[in-house]
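# Tertiary structure, described
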Amino acid sequence: MPLRRRSLRIGCVLSPEQVNHVAQLARLELTESETEVMAGELSKVLGYIEQISELDLTGVEPTSHVIDLVNALRADVPHKSLPVAVALASAPEPVQGGFGVPSPGGTAE
Amino acid sequence: MSADIISLSATELAAAIAAGELSAQEVFETYRSRSAADDCNAYTWLADTAPADIDQHTGPLAGVPLAVKDLFCTDGVPSQAGSKILADYRPPYTATVVTKLLDAGATLLGKTNQDEFAMGSSTETCAFGPVLNPWDRTRVPGGSSGGSAAAVAGGLAPWALGTDTGGSIRQPAAFCGLVGLKPTYGTCSRYGMIAFASSLDQAGTLTRDVKDAALLYAHMVGRDENDSTSLQHPEQMRVPSREDLRGIRIGVPESLLQTDSGFDAGVREAFERTLKLAEQLGATLEPCELPHAPHALAAYYIIAPAEASANLARFDGVRYGLRVAGDEDLTTMYSRTRAQGFGAEVKRRIMLGTYALSSGYYDAYYGTAQRVRTKVADDFRQAFDRFDFVATPTTPGVAFELGAKTADPLSMYLNDVWTVPMSLAGIPAISLPVGLSEGLPVGLQLAGPAFSENRLLDAAYALEQTIGFDGSSAREEVAA
Amino acid sequence: MSATARYEPVIGLEIHVQLKTRTKMFCGCELSFGDKPNVHTCPRCLGLPGTLPVANAQAIHFGMMIGLALGCEIAPRSRFHRKNYFYPDLPKGYQISQHDVPLCSGGRLGDVRIVRVHVEEDAAKLVHLGASGRISDADRSFVDFNRGGTPLAEIVTEPDLHSTDEMREWLTLLRTTMRTLGVSDVNMAEGSLRVDANVSVRPVGTTELGVKTELKNMNSFRFLQQAIDAEVERQIGLIEAGEPIEQQTMHFAPTTGELTPMRTKEEAHDYRYFPEPDLVPVLATDEMIAAARDALPELPAARAERFARELHLPEDRAREIAFRAELADFYERALQADGGVDPLVAANWIQSLVERLPDEGDPADSKVTPQAFARLVTLASVSSISRDAGRKVLDILVEQGGDPETIVEREGLAAISGEDSGLAEIVAAGIAADPAAAAEIKSGNNKAMGPLVGYVMRETKGRANGSEVSRLIREQLGL
């Protein structure tokens, strides 16, 4: 994937605008004061995390799994599905056998 | 009678029940009524009564009550992960490790309180109120498995299941004077564990002693076809019996112990005393280098929140859990549900994780952190060429006061500085109570290479028998 | 030269194919066909807390088959990624897909290069509760998770197509390939085949790529073609007017032919991909690749070659038939039903059959059987019926079925030829009626045969054998 690398500036501080953008991505509604507090807290943590940018990691492969397993595959055999009533048991808005939601305005993307 | 029951370990209870010396019904009821009177807020749900057929239960763990951390799904029983967003959620299935233990005869006593979604080191972030440390109720029991730790330490359960992502079993074990085992990643199934950080989460044990840890773990372990990341432990678990440490080589990572997080003098003293004891038992001790371990915490606080931000995206009010309705806009429903359902720490970590993965930042944060992880794991592999185990204090300090670290998230995170490296590397580690500092328990951490649980438990057993740590005082305080 | 002719379209396709496994990609729920909502769900495909995915071996197998059929390299070690975004049809808040290391890469089908083939899970279905069932009308919807988790193979091409006709032909080939492999129903109307197009234009003769737009959610080849044609026109218009083309997703309304940009928020493209920690990599073992290779049937291109080689069909006719599995299957069954049928004649009659079927129709869905078709071809080729009569018989076969002999008898369509048929008298009458034409023919102008043959055909209601008529005309004119 194409990388737009942003270097970690020492002591980078998150602006409220950046916090708002991330909050939107994460679907978290924050009040204005929460946004400000969050900006300060995250900036502090990011400031601590910065240290890893000083390490020499050339030629080091990233670890996505600590165990060396491959091909954990399952046979194409059906199992018993849940009864609909059970599937909907915790639904906040069961409707016509489905999970009711407000209609999305437009599409996902 | 009940005092006798409380004084027995889980292993002893199992034997007594199997021999007909104790009734399972009575054991369950003893623990159940003590738990009902609990003032440490260890439980979020407690069984009303013993199951009607408890005296007919069979299996090696028959009749021994088990407390289970809330984030393990238990069919029909609240499984809330300490969060308002899952308040009173009852799943339609049970986590694999819980099923295995129930199949072995154990009985579900209750679900224990925890930091919300396992994010925390003090069990103060739970939506259902903080948990108190039975050793001193003005202090935290540690977290995130604080409820499980408080239950066992306070004599409310003979043993308990917890989970450990960056120290969430080991640290509460240290704060509560218990044995806490975080096994090799993959040896216990994660199916049914409400996920925090997928590549780090592991089920583990909180027990009074090492033998109980071995017994409980033996019945949890095994490959699960429902968990693609699980594998079969290459060894059979055995009962620890070692009496000394002759031939054992222990490495002490000096540079890791120079930490910013305030190394308490009492903890240091207990740690060094224990190392001397180990030498007396025949172990050789030498300094070892884990050059990247000091950076493990920073990498962890990118990797774990990143995975968590995706794992918690399913909490959107559509299919289960809290929904904040009343607004016809879908996006607002999502954002408000999550804002009201998640606590502050969870939101912080979701934000941190989302940021670390977002466009333009992936390589600098997540990509780099996963490379640090490789180096941390390599450092351990190299250390284990020369050593059988690595030893550290489990935590820099003893149980702190409620509210002492909630104002500064970073100060809370620094609690995990010595437990996180093992989590990143996926290797097993155990916390063993080795003494007191100012009346509060101190833990020693021993870590070994992958799949070394038998040897780790054996070494811990040898130390434990010599130290003779007595946790009974914390158990007596609960109203009978 | 018109503006349109100065530019060439540059089209790349992103195709999603629903795989015909028994169960879903990451759980054991059965795949659903028009069932009541949420009858094929489980804790995993509902995204309940604590659940974990387990990959379907058959889906991986099908993915490898597709890769091999498209001439791709199978990745020695591929892995899954999470594609993160929020939508009600996405229960986990992320889709498990493949990102940096797909299952297969670098192939070719026909003239189009394949970039990659990967496997992923499908989203669920959102049903809108407004009057029309369209999202614009509704303010409440519900989610049906039956479809959620269905295995998909995503095929991405290089932008190697330069006309929509080319694109349709190529898609037909792709679809036939998938059907021949048996990995998917590839039915666009049912949703087992979805095609998105990336469209840009450039001046003819240049190689640089222009800004591309995306077209999604077309449910037929025809609409896709119309949409792309319209978009190409729109882009040319903008370029000629000196205006920039914005990279965006366009929505095409087939009824009005209108193209409108879909509202895409910039953040919607930030999928925050990272490797899926709950799944381990797929190591393509020798056994897995061999199994995929062994499972490959004869593919369309090979089939076309075989038709040309063994049946002596001209190449273009061979491809026309072989590139549509349903036609090729019918054709071969017909040849088997009657060993004496001439393949080339049969191939020509297939053309007539296609004309009598709906767009992209399957002969197996009509009433004509391969056996009946073979009989018809034989009757026509031995001149028991004329070509015209043959076409009439074919009409009836397609619509009502039956066997050709019975139909010929019932409709009185038997060819008029031979000595007792009275044909010679009709020919003579034709010559007498048009002496000018007769003269033309005698003087060597064969074009004048037309009117005379036509006369005879009319008189015999199309039942005369054409070559017999020509022979008689010549005979009677003394040629």
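In the block above lies the structure referred to throughout.
Each value, and the rule that gives it
- Residues numbered from 1 in each chain as written.
- Chains lettered and ligands numbered in written order.
- Predicted model: local features only at pLDDT ≥ 70, side-chain atom pairs only at ≥ 80, totals over all residues.
- Heavy atoms only, no water.
- Pairing = 2+ DSSP bridges.
- Helix = DSSP H or I, 4+ residues; strand = E, 2+ residues; numbered from the N terminus.
- Contact = heavy atoms within 4.5 Å.
- Axes fitted to C-alpha atoms, helices over the stretch in contact; angles between N-to-C directions.
- Phe/Tyr/Trp six-rings, centres within 6.5 Å; stacked < 30°, edge-to-face > 60°.
- Buried < 20%, exposed > 50% of the residue type's maximum accessible area, 1.4 Å probe, protein only.
- Salt bridge = Lys/Arg side-chain N within 4 Å of Asp/Glu carboxyl O.

## Quick word on the sheet that holds strand β14 (residues 249–253) of chain C
All names here are of chain C. Reading across from one edge, β3-β7-β8-β11-β1-β12-β13-β14-β15 is the order of the 9 strands in this open sheet, with mixed pairing throughout. Because the sheet does not close on itself, it has two edges, and the strands there are β3 (73–74) and β15 (258–261). The pairing of β14 with β15 spans 4 bridges and is antiparallel. The partner of Phe-252 across the bridge, within β15, is Leu-259. Most of the contacts of helix α4 (residues 221–240) go to strand β12 (residues 193–203), to which it runs at about 25 degrees, and overall it touches β1 (7–18), β12, β13 (213–215), β14 and β15.

## Topic: unusual backbone geometry
B:Gly143 connects to B:Ser144 through a cis peptide bond whose omega is 10 degrees. Position of B:Ser144 relative to the elements: it lies in the loop between β3 (107–112) and α5 (146–153). We note that B:Asp88 has phi near 65 degrees; this positive angle belongs to a residue other than glycine. Following the sequence through the fold, B:Asp88 ends up in the loop between β2 (65–69) and α4 (96–103). If you check the backbone angles, C:His312 has positive phi at about 60 degrees while not being a glycine.

## So, the sheet that holds strand β2 (residues 94–95) of chain A
Taken in spatial order, the 4 strands line up as β2(A)-β3(A)-β10(C)-β9(C) in an open sheet, and their pairing is antiparallel. Two strands close off the open sheet at either side, each with one partner strand: β2 of chain A together with β9 (125–128) of chain C.

## Some details on the packing of aromatic side chains
Within this structure, the stated rule accounts for 24 aromatic pairs over all chains. Measuring from ring centre to ring centre gives 5.9 Å for B:Tyr334 and C:Phe86, while their planes differ by 55 degrees; the resulting arrangement is tilted. Of this pair, B:Tyr334 sits in helix α11 (residues 330–341) while C:Phe86 is found in the loop between β5 (81–84) and β6 (94–97), placing the two residues in two different chains. Classification of C:Phe86 by relative accessible area gives buried; the value is 8%.

## What about the pattern of salt bridges?
Under the criterion given, the structure shown has 55 salt bridges over all chains. Linking B:Glu269 and B:Arg273 is a salt bridge whose minimum nitrogen-to-oxygen distance equals 3.4 Å. You can see B:Glu269 and its partner B:Arg273 sitting in helix α9 (residues 265–280), 4 residues apart, about one turn around the helix. You can call B:Glu269 exposed: its relative accessible area is 52%. Linking C:Asp122 and C:Arg147 is a salt bridge whose minimum nitrogen-to-oxygen distance equals 3.5 Å. Of the two residues, C:Asp122 is situated in the loop between β8 (112–121) and β9 and C:Arg147 in the loop between β10 (140–144) and β11 (151–157); the sequence distance between them amounts to 25 residues. Given a relative accessible area of 29%, C:Arg147 falls into the partly exposed group. Each of C:Glu298, C:Arg303, C:Arg306, C:Asp329 and C:Glu332 takes part in salt bridges that share partners, so that together they form one network.

Taken by themselves, the reported measurements are silent on function.
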